[in-house]
Amino acid sequence: MDTLNAQIRELRKVSGLSQTTFAEKFEIPTSTLQDWEHNRRTPPIYVVGMIDKILSTEKAAKQVSGNSILNKAKSAKDNDEFYTTYETIENEVAHYIAEFKGKTVLCNCDDPFESSFSKYFIKNFNTLGLKGLICTSYCASRVLGTDSNLVDMKGEPLSNDNGYVMVLSKVSESINPSSTDAEVHEFLQSQNSVRKLVGDGDFRSDECIEYLKLADVVVTNPPFSLFRELISLVTEYEKQFLVIGNQNAITYKEIFPLIQENKAWIGYQFGDMAFRVPADAEPRETRFWIDSTGQKWRSLGNAMWLTNMDMNRRHERLELTKYYDAELYPRYDEYDAIEVSKVANIPMDYKGIMGVPITFLNKYNPEQFDIIGEANHGSDNSFDLFKPTINGKLKFKRILIRNKLATGVEING
Ligand SMILES: C[S@@+](CC[C@H](N)C(=O)[O-])C[C@H]1O[C@@H](n2cnc3c(N)ncnc32)[C@H](O)[C@@H]1O
């Protein structure tokens, strides 16, 4: 159970208000609010309850579900606290090795001491030929737990109120991919390279954007709820990126156009991914386990990497073995396109528009295919062209493509 101090911090964060504005709104002296947020004093339980109620009512009035804000914040948080394994990062980055040479990498949702992204890029700093590595964290990592002995560079316990930043432009030659975590930790402690941020380390803050400006490539796993914001920010600053997300994000209005315009594409790992989750994560019936060390885990069946870094697979041609047959490839009710229910069944000779499963993106070569849009609800966005029904029966969400290289029968579409 969160403390009243944590609850008040959460309520203010969810409200999106600064400490001053929040204090003014609820007629609390700003210094009192700061004392509450920094655990110097405890807010009365009825004040926390009252603020939760007021904010929840305000949200409900805006036609958002009227659940308690704290409950909603908790469930959003549970979905955001998925910690990536070292192997997941290692297996993905292996496909882009040459792209990293001479670059500064920013991991902007990553605790310098705890995140596997930080560890991976420290251990591989020299082998990848990096120019720099910056990691910024959002407050203290929850994976650390409260009994962590970690201290900052001044020997003080890590604070929960601020983010941290680590800036490295050199890593000792003695640190390499076979170094242990303890050796990395010792190296970090021996350097003056980690310091407390002024703010909470929100990647959208001005302070963190200054670090973004210094970077060439952003590599991280952000909270899934902020995925679209992170990708929008990183593309606005014209950075390269390699970022973990949920496949649902593909059809977001901020993401799909990037894929359609070949400004972003799917990485190698697409589907199952296992993540460590915090000790207080709620157990679940499926895709949840606790290992022999007591570490809790969850897996997702629809995780993905999204990137704009060049990779071989994007240039490999998808081998097609089937031919168009009107009997086998029915047309949609509302649009002149054919339904192809499996990527392996894409006909090599069909020149018109085809609706294919989202897994197609994992095989997409822009020299071979054009992406025309998607068929989902038929109304969400300008690229959501129609609802994929055949004889009134709704099909799965589809990506609409055209084979640029199709030869053979001329078919309308
Ligand atoms: C899905 S977890 C992944 C952590 C780490 N990148 C990894 O892969 O192990 C997302 C992390 O982002 C942090 N976070 C939440 N909101 C953030 C924000 N606005 N800016 C930066 N980081 C944030 C969370 O505290 C959490 O540690």
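None of these values were measured; they are calculated from a predicted model.

A short note on the sheet that holds strand S11 (residues 337-339)
Whether parallel or antiparallel, the strands of a sheet pair through hydrogen bonds between backbone atoms. Read across the sheet, 4 strands follow the order S11-S12-S16-S13 without closing on themselves; strand pairing throughout is mixed. In this open sheet, the two edge strands, each paired with only one partner strand, are S11 and strand S13 (369-375). With strand direction ignored, the average angle separating the axes of adjacent strands in the sheet is 30°. Relative to strand S16 (residues 398-403), strand S12 (residues 353-356) runs antiparallel, the two sharing 4 bridges. Bridged to Val356 within S16 is Ile399.

As for the site of the ligand
Every one of the 20 residues lining the ligand counts as a neighbour, but Tyr83, Thr84, Cys109, Tyr138 and Asn221 are closest to it. Taken together, the residues that form the shell around the ligand break down as 9 nonpolar, 7 polar and 4 charged.

Section: the environment of Glu81
Inspection of the secondary structure puts Glu81 in the loop between helix H5 (69-80) and strand S1 (83-84). Residue classification places Glu81 among the partly exposed positions, given that 18 C-beta atoms sit within 10 Å. Separated by 197 residues in the primary sequence, Glu81 and Pro278 have C-alpha atoms spaced 7.0 Å apart.

Thoughts on the pairing of strand S2 (residues 104-107)
With 4 bridges connecting them, S2 and strand S3 (residues 132-136) associate as parallel partners. Bridge pairing in S3 links Leu106 to Ile134. The pairing of S2 with strand S6 (residues 217-220) spans 2 bridges and is parallel. Bridge pairing in S6 places Val105 opposite Val217.

Looking at the packing of helix H6 (residues 86-93) against helix H8 (residues 116-123)
The interhelical angle for the contact between H6 and H8, taken along N-to-C directions, is 50°, at an axis separation of 9 Å. Comparing the axis directions of H6 and H8 gives the class oblique. Note that H6 runs across H8; the crossing there is right-handed. Between H6, through Tyr86, Ile89 and Glu90, and H8, the contact on the second element is made entirely by Ser116, Phe117, Lys119 and Tyr120.

Looking at helix H3 (residues 30-37)
Along H3, the residues that are buried comprise Leu33, Trp36 and Glu37. The arc that holds the buried residues of H3, viewed along the axis, is 95°, so those residues lie on one side. In the core, the buried residues of H3 are packed alongside helix H1 (4-15) and helix H2 (19-25). A positive phi of about 60° marks Asn39, the residue just after H3.

Cut-offs used in this document
- Residue numbering note: each chain is counted from 1, following its sequence as written.
- With the structure being a predicted model, the display of local features is reserved for residues of pLDDT at least 70 and the display and counting of side-chain atom pairs for 80 or more, all residues being used for whole-chain, interface and lining totals.
- Two strands make a pair as long as DSSP finds a minimum of two bridges between them.
- Secondary structure elements are taken from DSSP: a helix is a run of H or I of four residues or more, a strand is a run of E of two residues or more, and numbering for both begins at the N terminus.
- In this analysis an axis means a line fitted to C-alpha atoms, helices contributing only their contacting stretch, and an angle means the value between N-to-C directions, from 0 to 180 degrees.
- Here, nearness is defined through the C-beta atom: a residue counts as near a molecule or strand if that backbone-placed atom lies within 6 Å of it.
- Each residue is assigned to one of three groups, with Ala, Val, Leu, Ile, Met, Phe, Trp, Tyr, Cys and Pro labelled nonpolar, Asp, Glu, Lys and Arg labelled charged, and all others, Gly among them, labelled polar.
- Labels follow a simple rule on C-beta atoms placed from the backbone: if 20 or more others lie within 10 Å of a residue's own, it is buried; if 12 or fewer, it is exposed; otherwise it is partly exposed.
- In these notes the angle categories are as follows: under 35 degrees is roughly parallel, over 145 is roughly antiparallel, 65 to 115 is roughly perpendicular, and the rest is oblique.
- By convention, the crossing between two helices is left-handed when the near helix turns anticlockwise from the far helix through less than a right angle, and right-handed when the turn is clockwise.
- By definition, residue pairs are in contact when their C-beta atoms, positioned from the backbone, come within 7 Å.
- It is the directions from the helix axis to the C-beta atoms that the arc portrays.

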